[in-house]
Amino acid sequence: LFLEMATWKSYMFLDSASYLLEQLSFFHDHALLILMMITCIVTYTMMSLTLNNYNHRFMLEGHNIETIWTIMPALTLIFIAFPSLKLIYLIDEIRNPLVTIKTIGHQWYWTYEYTDFKNLEFDSYLINNNQLFNFRLLEVDNRTILPYLSHIRILTSSSDVIHSWTVPSTGVKVDASPGRLNQLSFNLNRTGIFFGQCSEICGANHSFMPISIESISP
């Protein structure tokens, strides 16, 4: 069974457990490459202007260079904006989910309702059992069981303050607001146990609201 969690001094993304996080990682690398190119060009230009004395006695206007430094940033933004917009619509796409789960945020636990299975309902609390994998502040008494390679829809709400249902390995995050029903969809592309925590400022102990997903065969 594969376990996915962040460890000390982890500077990179977690290994993707869904296609959404995989696409987010690709977009991150794409944007980072463009930023590195911009940084190198600007650094080279600043060093050239500092170390050289460029002047022209008869130059009053520079239409060509003004055209270039207007068009180039616009093209750069287009190369960043198009993949970003595609990814936004990909994340919001919801069609024919196989499983729909409703999760309600409380202080300091989550309630899950499997409406497709005769309204199965249970609470998920943080447990402190050192003999159970020793995952401090991450393990819960009732895990959320989800099938992999299936389209999953999550409906979120809250009973008190704003919470946030977040699992980093899946690349999804949705706010659980009182009096409002939000939704998101994602796929799990492999089996394993994936951990998350509440990611909103819902109180002093919001990080003690862990989320544990167990991805199994349908």
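Residues numbered from 1 in each chain as written. Predicted model: local features only at pLDDT ≥ 70, side-chain atom pairs only at ≥ 80, totals over all residues. Heavy atoms only, no water.

A look at unusual backbone geometry
A negative phi holds for most residues other than glycine; trans holds for most peptide bonds. Along the chain, Q107 connects to W108 via a cis peptide bond; the corresponding omega equals 10 degrees. On the secondary structure map, W108 appears in the loop between strand 2 (99-106) and strand 3 (109-114). Phi angles above zero are rare outside glycine, and N119 is one such case at about 55 degrees. Here N119 lies in the loop between strand 3 and strand 4 (120-124). Given the relative accessible area of 55%, N119 is considered exposed. You will see that L149, though not glycine, has its phi angle at about 55 degrees, which is positive. By the element assignment, L149 lies in the loop between strand 5 (144-147) and strand 6 (151-158). (Helix = DSSP H or I, 4+ residues; strand = E, 2+ residues; numbered from the N terminus. Buried < 20%, exposed > 50% of the residue type's maximum accessible area, 1.4 Å probe, protein only.)

Here's the deal with the UniProt feature "transmembrane region" (unreviewed entry) in the protein chain
UniProt records the feature "transmembrane region" (unreviewed entry) at residues 30-47 and 68-91, using the numbering of this structure. Note that residues 30-47 is 100% helix and 0% strand, and that its end C-alpha atoms are spaced 26 Å apart. The straight-line gap between the two end C-alpha atoms of residues 68-91 is 35 Å; of that span, 100% is helix and 0% is strand. (UniProt positions renumbered as here; feature names shortened; annotations may be inferred.)

Remarks on the domain arrangement of the protein chain
We note that the domain assignment places domain 1 (19-92) and domain 2 (99-216) within the protein chain. Relative to domain 2, the C-alpha centre of domain 1 lies at a distance of 39 Å. Tallying the contact residues gives six residues for domain 1 and ten residues for domain 2. In total, about 570 Å² of surface goes out of reach between domain 1 and domain 2, with carbon and sulfur atoms giving 55% of it. Applying the counting rule to domain 1 against domain 2 returns zero salt bridges. At the junction of domain 1 with domain 2, the criterion picks out zero residue pairs in polar contact (both at pLDDT 80 or more). No other element matches helix 1 (residues 19-51), which puts five residues into the side of domain 1 that touches domain 2. When the residues that make up the side of domain 1 that touches domain 2 are grouped by side-chain class, the tally is five nonpolar, no polar and one charged. (Domains from an automatic or database assignment. Contact = heavy atoms within 4.5 Å. Buried area = accessible area lost by both parts, 1.4 Å probe. Salt bridge = Lys/Arg side-chain N within 4 Å of Asp/Glu carboxyl O. Polar contact = N/O pair within 3.5 Å; in protein donor to acceptor, adjacent residues only side chain to side chain. Nonpolar A, V, L, I, M, F, W, Y, C, P; charged D, E, K, R; others polar.)

Focus: the packing of aromatic side chains
One pass over the full model with this rule turns up five aromatic pairs. Measuring from ring centre to ring centre gives 4.4 Å for Y109 and Y125, while their planes differ by 20 degrees; the resulting arrangement is stacked. Pair noted here: Y109 is in strand 3 and Y125 is in the loop between strand 4 and strand 5, with a separation of 16 residues, a long-range link. Among the aromatic residues, those joined into a ring-pair cluster are Y112, Y114, F117 and F122. (Phe/Tyr/Trp six-rings, centres within 6.5 Å; stacked < 30°, edge-to-face > 60°.)

Re the sheet that holds strand 6
In a beta sheet, neighbouring strands pair by backbone hydrogen bonds and run either parallel or antiparallel. Strand order in the open sheet made by the five strands is 4-3-2-6-9, with mixed pairing throughout. Of all strands in the sheet, those with a lone pairing partner are strand 4 and strand 9 (182-187), marking the two edges. Adjacent strand axes in the sheet meet at a mean angle of 25 degrees when their direction is disregarded. In this structure, strand 2 lies alongside strand 6, joined through seven bridges in parallel fashion. In the sheet register, K102 faces strand 6, and the bridge partner there is L155. (Pairing = 2+ DSSP bridges. Axes fitted to C-alpha atoms, helices over the stretch in contact; angles between N-to-C directions.)

Observations concerning the environment of N53
Looking at the secondary structure, you find N53 in the loop between helix 1 and helix 2 (63-92). With relative accessibility at 66%, the residue N53 sits in the exposed group. Spatially, the C-alpha atom of N53 lies 61 Å from that of V161, the residues being 108 residues apart in sequence.

Regarding the pairing of strand 10 (residues 192-197)
Counting buried positions along strand 10 yields five of six residues, so the element is predominantly enclosed. Both strand 10 and strand 11 (residues 210-216) contribute to a ladder of six bridges, which runs antiparallel. Along strand 11, the bridge assignment pairs G192 with S215.

A short note on helix 1
Under the 1.5 Å per step criterion, the end-to-end length of helix 1 is 48 Å for 33 residues, consistent within 8% with the ideal 48 Å. Looking at the buried residues of helix 1, the elements they touch are helix 2, strand 8 (172-176) and strand 9. (Expected span 1.5 Å × (residues − 1).)

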